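Summary of the model geometry
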Amino acid sequence: MQILGNIFNAVIFVSVIGSIHTVISLFVNQILRCALPLWFSCCGMILFCFPFLSPDVFLISPEMQDWLNGFVIANVLWGCGCGIFLVCNIIRLMLAKRAINNYKISRNERLNSIYSQCAAAIPLKRAPVLYCGTLDTPICVTGVIHPAIIMNEIIMEQLTDKELSAVFFHELTHVKRKHVLLERIYDYICILNWMNSFSWIARGNFSLHCETDCDFHAIKMLRGRVTETEYAAAIIQLLKFSTVSAAKSGNGIGALDFLLTKRRIKRITTGTSKIRDGMTAIILVVFLAFILVCSMRFSRESFYPYPADNTGTEYSAGYNK
């Protein structure tokens, strides 16, 4: 119980610090209307799993802790919740793998030809296999170790060659940028912090930032082949054909509800500004520094030897022991 108690205490700490990052992210993104770069979202993922402590405190107390009964009960509930969510996640992955095995590799000459050209233009060690399946979303990427692209052939056949190029480049960029891996890592971080709703909100926002990051890099690689307007038109076409009525996470050109699509198209058509992006980066660095200062400040109240900020003599004596 001592080990679990120390782990649970650390999880509570990182959960609070990660929540601060989530609130700041929502403020910058929703209130200030600034597009968040993916690196800032990745920082939030790190804050939800790694505690940043003051150098004069210990994460694991060298002394035996006398935990309160309420803390012990909460610890047990947290452990049970993590176990349940982990089992559900494993079952979901097994079912997904089984479903992929039932899909057929694409034999459509037109789609395969355009896909091969796109895959050759992106430096990947191995291009993902292109499958045909009956999906709600027109196309998506799945798989961490062996990525695969699954598409709804009926919908994809209705797109023009340039629209298909935009869609395939988007999916292949997800693979190149390791978005699937990052999202799977975030899934397990959410399991660790399942009792904190902010972790799930952050996970949903992370999927959005993966999409916008993918849009930016896909358009960059498509210059000379597809314009920003044609890229945006491909997204609108998929919105038209999609049967999805609400946003879903997952690495596709999807997440195709109207409001999300509107935000993505606005960013695509607006373009980038080095001055704006530089100012946004400076603001985010300042916020990140503030979070780290708060983390180190709060650690002196949460970890051994505590309380470390009010009574210097007691703190010094405890540390020397």
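For the structure itself, consult the block above.
What about helix α6 (residues 161–176)?
When the terminal C-alpha atoms of α6 are compared, their 22 Å separation across 16 residues agrees well with the 22 Å that a helix rising 1.5 Å per residue should span. Directly after α6, the chain includes K178, whose backbone phi takes a positive value near 60 degrees.

Quick look at the environment of L53
Along the chain, the position of L53 falls in the loop between α2 (38–47) and α3 (69–102). In contact with L53, not counting residues within four places along its chain, are F13, L59, M296, S299 and F303.

Digging into the pairing of strand β2 (residues 129–132)
In this sheet, β2 lies alongside strand β1 (residues 104–105) in antiparallel orientation, the contact comprising two bridges. Residue pairing in the sheet places I105 in a bridge with Y131 of β2. Here β2 runs beside strand β4 (residues 148–151); their pairing, made up of four bridges, is parallel. Looking across to β4, one finds that V129 is bridged to A148.

Some words on the pattern of salt bridges
Considering all chains together, one arrives at twelve salt bridges under this definition. The partner of R264 in a salt bridge is E211, and the shortest N-O contact between them spans 3.7 Å. On the criterion of sequence distance, the pair formed by R264 in helix α10 (residues 258–270) and E211 in helix α8 (residues 197–222) is long-range, its members being 53 residues apart. There is no split in this pair, since R264 and E211 are both buried. Among the ionic pairs, R264 bridges to D215, the shortest N-O distance being 2.9 Å. Of this pair, R264 sits in helix α10 while D215 is found in helix α8, placing the two residues 49 residues apart along the sequence. Taken individually, R264 and D215 each receive the classification buried, so the pair is uniform in this respect.

Quick notes on the rules
- Residues numbered from 1 in each chain as written.
- Predicted model: local features only at pLDDT ≥ 70, side-chain atom pairs only at ≥ 80, totals over all residues.
- Heavy atoms only, no water.
- Helix = DSSP H or I, 4+ residues; strand = E, 2+ residues; numbered from the N terminus.
- Expected span 1.5 Å × (residues − 1).
- Contact = heavy atoms within 4.5 Å.
- Pairing = 2+ DSSP bridges.
- Salt bridge = Lys/Arg side-chain N within 4 Å of Asp/Glu carboxyl O.
- Buried < 20%, exposed > 50% of the residue type's maximum accessible area, 1.4 Å probe, protein only.

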